[in-house]
Amino acid sequence: MMESRDILLEPIMSEKSVQGMEEQHYSFIVHPSANKIQIRKAVEQLFKVHVVSVRTQNYEGKPKRLGRFEGKRPDFKKAIVTIKTGENIPMFEGV
């Protein structure tokens, strides 16, 4: 069983995710094997908010090239968490 800190790897702070915060949508990069129930419990436990819904997306890493060397960015899983109206996550406050 993973702990809450192991499930949520990092927040996503892009232009699109900052706009989503107005509708109470927060984006995180999560552990690839975490399911929606684990993500919901982790957000509720770490940030003391009530989660309304969780949506997940799996991304394949893009192929990249530097000169003659080819590589690939790592695959990752993204979760978009909707929280109850009127609540907020203080980590995202200064954005």
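What counts as what
Residues numbered from 1 in each chain as written. Predicted model: local features only at pLDDT ≥ 70, side-chain atom pairs only at ≥ 80, totals over all residues. Heavy atoms only, no water. Helix = DSSP H or I, 4+ residues; strand = E, 2+ residues; numbered from the N terminus. Buried < 20%, exposed > 50% of the residue type's maximum accessible area, 1.4 Å probe, protein only. Lys, Arg positive; Asp, Glu negative; His and termini not counted. Salt bridge = Lys/Arg side-chain N within 4 Å of Asp/Glu carboxyl O. pLDDT = per-residue confidence, 0-100. Expected span 1.5 Å × (residues − 1). Arc of directions from axis to C-beta. Contact = heavy atoms within 4.5 Å. Polar contact = N/O pair within 3.5 Å; in protein donor to acceptor, adjacent residues only side chain to side chain.

1. Some remarks on the side chain of Lys78
- Relative to the elements of secondary structure, Lys78 occurs in strand S6 (residues 76–83).
- The buried charged residue Lys78 lacks any salt bridge, with Glu10 as its nearest oppositely charged partner at 12 Å.

2. Quick look at the confidence of the model for the protein chain
- Of all residues in the protein chain, 96% have pLDDT values of 70 or greater, and the mean over the chain is 91.
- Model confidence for the protein chain, summarised as mean pLDDT per element, is weakest for helix H2 (residues 15–20) at 88 and strongest for strand S3 (residues 51–59) at 97.

3. Considering the pattern of salt bridges
- The final tally for this structure, using the stated rule, is 2 salt bridges.
- Salt-bridge contacts for Arg5 lead to Glu3; the nearest nitrogen and oxygen are separated by 2.7 Å.
- Overall, Glu3 belongs to the partly exposed group, its relative accessible area being 44%.
- Salt-bridge contacts for Asp75 lead to Lys72; the nearest nitrogen and oxygen are separated by 2.8 Å.
- Classification of Asp75 by relative accessible area gives partly exposed; the value is 47%.

4. Concerning helix H3 (residues 36–47)
- With 12 residues, H3 should reach 16 Å at 1.5 Å per residue; the first-to-last C-alpha distance of 16 Å fits that figure.
- Residues of H3 that are buried: Gln38, Ile39, Ala42, Val43 and Phe47. Projected onto a plane normal to the axis of H3, the buried residues spread over an arc of 130 degrees and lie on a single side. For H3, the exposed residues lying more than 90 degrees away from the buried face are Ile37 and Lys41.
- For H3, the secondary structure elements touched by its buried residues are helix H1 (4–7), strand S1 (8–11), strand S2 (25–30), S3 and S6.
- Backbone nitrogen of Ile37 and a side-chain oxygen of the N-cap are separated by 3.2 Å at the start of H3; the cap is Asn35.
- In the segment just after H3, Lys48 is the residue with positive phi, at about 55 degrees.

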